[in-house]
Amino acid sequence: MSTSTTRTVWPIPGGIYPLDHKQQSLGTAIRQVPLPSQLVIALRQPSHAPAVLCVNVGDHVSKGQCLAQGSDATGLSIHASTSGTVLAITEHAVPNESGLPELCVILQPDGENHWTKLPALADFRNYDAARLISRIAEAGICGLGGGAMPSATKLRAALLNKVHTLVINACECEPFITCDDALMQASADDIVAGIQILLHISAANRCVFAIEDNKPAALNAMRAALTDSGIELVVVPSIYPSGAEKLLIYSLTGSEIATGTLAVEQGFLCFNVSTAHAIARAVVHGEVLVSRITTITGSALVNPGNYCVLLGTPINELLKHAAVDQTKVSSLIHGGSLTGIALTSNNVPVLATSACVIASTAAEIPAAEPEQNCIRCGFCTEVCPVLLLPQQLYWASKSEQLQQATTLNLHDCIECGACSYVCPSHIPLVQYFRATKADIRIAEEKLLMANQSRARFEFHQARKAAEKIQEEQRRATRATLAHQQLEQTATPSLAQAAIAAAMARVKAKKALQDFAAAVDAASNNLTTADSQADNTAAYLPNPDQQDDSR
Ligand code: SF4
Ligand code: SF4
């Protein structure tokens, strides 16, 4: 297969053309941020299951040593970004939407930066897919384009679904962000090595490398590196959000990924260009994920640019290194200007997903204006790239009609923010949609818990009913056995009783006869005695006569 940059692509629906603000961070080559005095390494896991710690407070660790591992199949290994001492394992503020702190390892660098690398698998074609996926998991590689999904999890899914097309996403369509652009200019060969590893693992028979037409230097670098690689290079028009996974697949192939399904289920495997680079470093060089390229930009900085940053570096250190003028900072954003999170503190660390930090002035990104009533202009519908009805979703979200929002396919919303961008009433539509998605998720979790509770209760009732039936059966069995025993022993007992009764009757009769005889004898004796007494009395003197004689 030969490389190509000329073929047409399927135009995505909707989309917007915001000012890209990319040039201010592309003026210099990638620079290194010096080692900070402390690193705050977040132990965040994709499934939110707690990480399993591999170190204790006080331990000395080397660069690349595993600090924590995931506790489930989608878990992510987290490593020390440099050598040093574990000062604490505690909750710390991180860049996230909830604003809640997360568990982090606080590491004090020893300045040695002593690496413990994994054995290099430079001849990766000699290893099977399972071995290479195991290496990628061991190295803690996750999606660096913002998804943060563990790459090993994605590749296992690809093997199960037998993918036919590998798509490498180098579009980087959101304003301000240029880290992928800078990486392609600096490390095109490593990126191609990563793509070859992904092709070897997935066994896809086709690979398309997609890049927007606003990156001429990166395009030239990649075109040179991809020559004779068999990988098709396709230049897509610069329009936001062309880099969204499902939109990009449609743009490149005309295939639509159905609602509620994953691209991999339809045979497409999509990787960000920075992730492909990290995979090459892990496999070919044995380096686990401890750093990334981050765009540090905005008009409040003297030295905006792309920096190689250790994961866990506090963002205030980045801003200091880029010579921030605090008096000019109007807003501090983690991520791009359309999908990023406004930071309320710069004491948060760089994460694997930290593609960009913007320290903007008020002129560059004006403060949000007060929300006004919807005027039903329909602009939001025109720009929605997934053909939703943002205005109706807004009403459903505002009135908390979760079922209605679901019916309007809220879950298809990719949260690109294009609708918010064009809304003349300054309605923060995407924020409504995110909040409603969270409410739906909570309601579904509650429903799931209620269903589980009901199932447990019904199981308990069924078990009690079964136990009652078993007890009744046991009681009936015992009664039958007792009755049978009684029948077996009843005849001898009655016979014995009859004999005993007969003997008793004989004894009683004899006793009665003896008694009668005794009575007769006594009566005779009494008669005899009376007769003798009468006879004796006839010979005795008269007492009255005796007293008269004195
Ligand atoms: S763009 Fe704003 S004002 Fe216009 S219909 Fe959509 S929500 Fe309403
Ligand atoms: S944020 Fe959602 S609803 Fe708005 S344009 Fe993007 S995909 Fe459409």
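Just so we're clear, the structure is a prediction, and the values are computed from it rather than from any experiment.

Asker: Teacher, can you tell me more about the site of ligand 2 here?
Answerer: Taken together, the residues surrounding ligand 2 are Cys 384, Pro 385, Val 386, Pro 390, Cys 413, Ile 414, Glu 415, Cys 416, Gly 417, Cys 419, Val 430 and Phe 433. When the residues that make up the shell around ligand 2 are grouped by side-chain class, the tally is 10 nonpolar, 1 polar and 1 charged.

Asker: How should the domain arrangement of the chain be read in this particular structure?
Answerer: Each assigned domain of the chain is listed with its residue range as follows: domain 1 (23–360) and domain 2 (379–434). Using only C-alpha atoms to locate each centre, domain 1 and domain 2 end up separated by 29 Å. Together, the buried faces of domain 1 and domain 2 total about 700 Å²; carbon and sulfur atoms form 60% of this surface. Considering only the surface of domain 1 that becomes buried against domain 2, Leu 247, Thr 259 and Leu 338 emerge as the three largest contributors, covering 47% of it. At the boundary of domain 1 with domain 2, the tally comes to 1 salt bridge. Arg 434 is paired through a salt bridge with Glu 97; the nearest N and O atoms lie 3.7 Å apart. In this assembly, domain 1 and domain 2 are joined by 2 residue pairs in polar contact (both at pLDDT 80 or more). Each residue belonging to the side of domain 1 that touches domain 2 can be placed in one class, and the counts come to 5 nonpolar, 3 polar and 1 charged.

Asker: Mind showing me how you'd approach the environment of Val 234 here?
Answerer: Within the secondary structure, Val 234 is located in strand E11 (residues 232–236). Residues Val 234 and Ile 211, spaced 23 residues apart in sequence, show a C-alpha to C-alpha distance of 6.4 Å.

Asker: Looking at this model, I keep getting lost on the pairing of strand E12 (residues 268–272). Mind explaining?
Answerer: On a regular strand, each side chain points to the face opposite its neighbour's, so the side chains alternate between the two faces of the sheet. In terms of residue burial, E12 counts as a mostly covered element, since 5 of its 5 residues are buried. Alternating positions in E12 separate into two faces, Phe 268, Cys 270 and Asn 272 on one and Leu 269 and Phe 271 on the other, with burial throughout. Direction of pairing for strand E9 (residues 165–170) relative to E12: parallel, over a ladder of 5 bridges. Following the sheet pairing, Ile 168 is matched in E12 by Phe 271.

Asker: Can you walk me through the packing of helix H4 (residues 188–202) against helix H7 (residues 273–284) in this structure?
Answerer: When two helices pack together, you describe them by how their axes are tilted relative to each other and by the distance separating the axes. Contact pair H4 / H7: the axes reach a minimum separation of 7 Å and the direction vectors enclose 80 degrees. In terms of orientation, H4 lies roughly perpendicular with respect to H7. Counting all contacts with H4, which are made through Asp 190, Ile 191, Ala 193, Gly 194, Ile 195, Ile 197 and Leu 198, the residues of H7 involved are Val 273, Ala 276, His 277, Ile 279, Ala 280, Arg 281, Val 283 and Val 284. Here the contact of H4 with H7 is composed, by residue class, of 11 nonpolar, 2 polar and 2 charged.

Asker: What is the right way to read the sheet that holds strand E10 (residues 206–212) from this model?
Answerer: Remark on secondary structure: sheet strands pair via backbone hydrogen bonds, oriented parallel or antiparallel. In space, the 4 strands of this open sheet follow the order E11-E10-E9-E12, with parallel pairing throughout. Each edge of the open sheet is held by one strand with a lone partner, namely E11 and E12. Neighbouring strand axes in the sheet, compared pairwise and without regard to direction, differ in orientation by 25 degrees on average. Contacts between H7 and the sheet are confined to E9, E10 and E12, with E12 contributing the most and set at about 85 degrees to the helix.

The rules behind the values
- Residues numbered from 1 in each chain as written.
- Chains lettered and ligands numbered in written order.
- Predicted model: local features only at pLDDT ≥ 70, side-chain atom pairs only at ≥ 80, totals over all residues.
- Heavy atoms only, no water.
- Near = heavy atom within 4 Å.
- Nonpolar A, V, L, I, M, F, W, Y, C, P; charged D, E, K, R; others polar.
- Domains from an automatic or database assignment.
- Buried area = accessible area lost by both parts, 1.4 Å probe.
- Salt bridge = Lys/Arg side-chain N within 4 Å of Asp/Glu carboxyl O.
- Polar contact = N/O pair within 3.5 Å; in protein donor to acceptor, adjacent residues only side chain to side chain.
- Helix = DSSP H or I, 4+ residues; strand = E, 2+ residues; numbered from the N terminus.
- Buried < 20%, exposed > 50% of the residue type's maximum accessible area, 1.4 Å probe, protein only.
- Pairing = 2+ DSSP bridges.
- Axes fitted to C-alpha atoms, helices over the stretch in contact; angles between N-to-C directions.
- Parallel < 35°, antiparallel > 145°, perpendicular 65-115°, else oblique.
- Contact = heavy atoms within 4.5 Å.

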